[in-house]
Structures are given as C-alpha cells and as structure tokens.
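# A structural walkthrough
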Amino acid sequence: MTPERGFVVFLALTLGLLAMVVWSGLRARRRLHLPCVAATVAALAGTIYFAEKMGAHYDLSTAGLITPVHLWLAKGTTLAYLAPLATGLLTLRNPTWRPRHRVCAWVVLALTVATAVTGTWMLLAAERLPAAGP
C-alpha cells in the first residue's frame with residue numbers, strides 16, 4: 001500500500017471510529033464505547049505512521065507557515081488524546097468525572113478536525129517531490 005493510500009484509509013478509519021466513539025459516548029453505551037476508543041487510538045497510530053511516510057514525498061517547506069502550524073497542532077492533538085482517556089478511566093470509577101470527560105472529548109474532537117484541515121491545507125500547498133525511480 002502506498003503511503004498516500006494508507007494515509008487516506010487510516011484517516012477515514014480514524015474519523016469513522018471517532019464518530020462511533022462520540023455516538024456511543026453520548027448514548028452511554030459503554031460496552032461499545034470502550035472498544036471503539038481502543039480501535040480509534042490504534043487507527044490514529046496508523047494514520048500518523050502513514051502521514052510520516054507520505055510527508056517524505058513532499059517538500060513541506062514550500063507550504064509556508066502552515067507546515068509548522070500543522071505539525072505543532074498535530075503533536076498537541078496527539079498528546080491531548082490523553083485527557084479524555086484519563087478522564088474516561090476516572091469516570092469508570094467515579095461518575096462525577098463524566099462532565100469533565102465530555103469537555104475533554106469535545107476539545108480533542110475539535111483539535112482533530114483542526115489538525116485534519118491544516119494537514120490538508122499543508123499538502124495542497126506543498127510541492128510534491130519527483131518520484132525516485134530506476
């Protein structure tokens with residue numbers, strides 16, 4: 001699988017699973033929510049892996065200021081995923097954490113959308129490197 005196809009597949013999978021996480025969380029369907037969270041984190045890891053591979057095919061410096069903005073946002077968003085994971089575990093033990101968990105989850109969802117938008121912008125603005133062939 002090419003890095004571009006792998007990235008698109010894993011990004012779509014991550015976003016689809018994230019939608020399931022939101023849906024199951026809002027409906028308090030814990031038996032579905034927890035496996036969807038685990039699958040989303042795994043899909044996110046695949047997305048990041050293929051994004052790194054795909055980035056090698058572009059001269060990202062030609063995209064301008066959006067590159068450091070996107071990279072900073074992407075790293076911050078990945079780190080921010082720890083907040084709903086931690087508050088979710090706390091909610092399992094003590095339901096009073098639920099409102100804080102919900103806020104963390106919505107913030108991470110917004111950051112994920114912003115990361116996807118800036119990443120798309122960055123790739124559209126960057127020059128693709130010539131293919132290395134025989």
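The structure this text deals with has already been given above.
The text that follows walks through the structure, step by step, so that each part is easy to find. Nothing here was measured: the structure is a model prediction, and the numbers come from that model.

### Considering the overall build of the protein
Of the regular secondary structure elements, the protein holds five helices and two strands. Dimensions along the principal axes, computed over C-alpha positions, put the protein at roughly 60 × 30 × 20 Å. Each of the 134 residues in the protein was classed as buried or not, and the buried ones make up 31%. In the protein, the proportion of contacts linking residues at least 24 apart, taken out of those at least 6 apart, comes to 75%. Counting only carbon and sulfur atoms, one obtains 72% of the accessible surface of the protein, whose full area is about 8600 Å². Of the side chains in the protein, 12 bear a positive and 4 a negative charge, and the two mean positions are spaced by 29 Å.

### Digging into the side chain of T47
Mapped onto the secondary structure, T47 falls in helix α2 (residues 30–55). With residues up to four places along the chain from it excluded, the contact list for T47 reads F7, F10, L11 and T14.

### Focus: the environment of A45
Of note, A45 is situated in helix α2. The sequence separation of A45 and T14 amounts to 31 residues, and the corresponding C-alpha distance is 9.1 Å.

### As for the side chain of T115
Within the element layout of this structure, T115 appears in helix α5 (residues 98–125). The residues touching T115, leaving out its near neighbours within four places in the chain, are H70, L73, A74 and T77.

### Some thoughts on helix α3 (residues 66–80)
Its 15 residues give α3 an end-to-end C-alpha distance of 20 Å, which sits within 8% of 21 Å, the value for a rise of 1.5 Å per residue. Within the sequence span of α3, burial applies to I66, T67, H70, L73, T77 and A80. Taken end-on, α3 shows its buried residues confined to a sector of 160°, consistent with a single buried face. Exposed and oriented more than 90 degrees from the buried face of α3 are W72, K75 and L79. Check the buried side of α3 and you find it contacts α4 (82–93) and α5.

### With respect to a nonpolar patch on the surface
Among the surface-exposed residues, V41, L79, L82 and L85 lie close enough to one another that they form a single nonpolar patch of about 350 Å² accessible area. Of note, L79 is situated in helix α3.

Analysis parameters
Residues numbered from 1 in each chain as written. Predicted model: local features only at pLDDT ≥ 70, side-chain atom pairs only at ≥ 80, totals over all residues. Heavy atoms only, no water. Helix = DSSP H or I, 4+ residues; strand = E, 2+ residues; numbered from the N terminus. Buried < 20%, exposed > 50% of the residue type's maximum accessible area, 1.4 Å probe, protein only. Contact = heavy atoms within 4.5 Å. Areas by Shrake-Rupley, 256 points an atom, 1.4 Å probe, with all protein chains shown as cover. Lys, Arg positive; Asp, Glu negative; His and termini not counted. Charge placed at Lys NZ, Arg CZ, Asp CG, Glu CD. Expected span 1.5 Å × (residues − 1). Arc of directions from axis to C-beta. Patch = residues over 30% accessible without salt bridge, like charges linked within 9 Å, V, L, I, M, F, W, Y side chains within 5 Å. Salt bridge = Lys/Arg side-chain N within 4 Å of Asp/Glu carboxyl O.

Coordinates in, geometry out; function isn't part of it.
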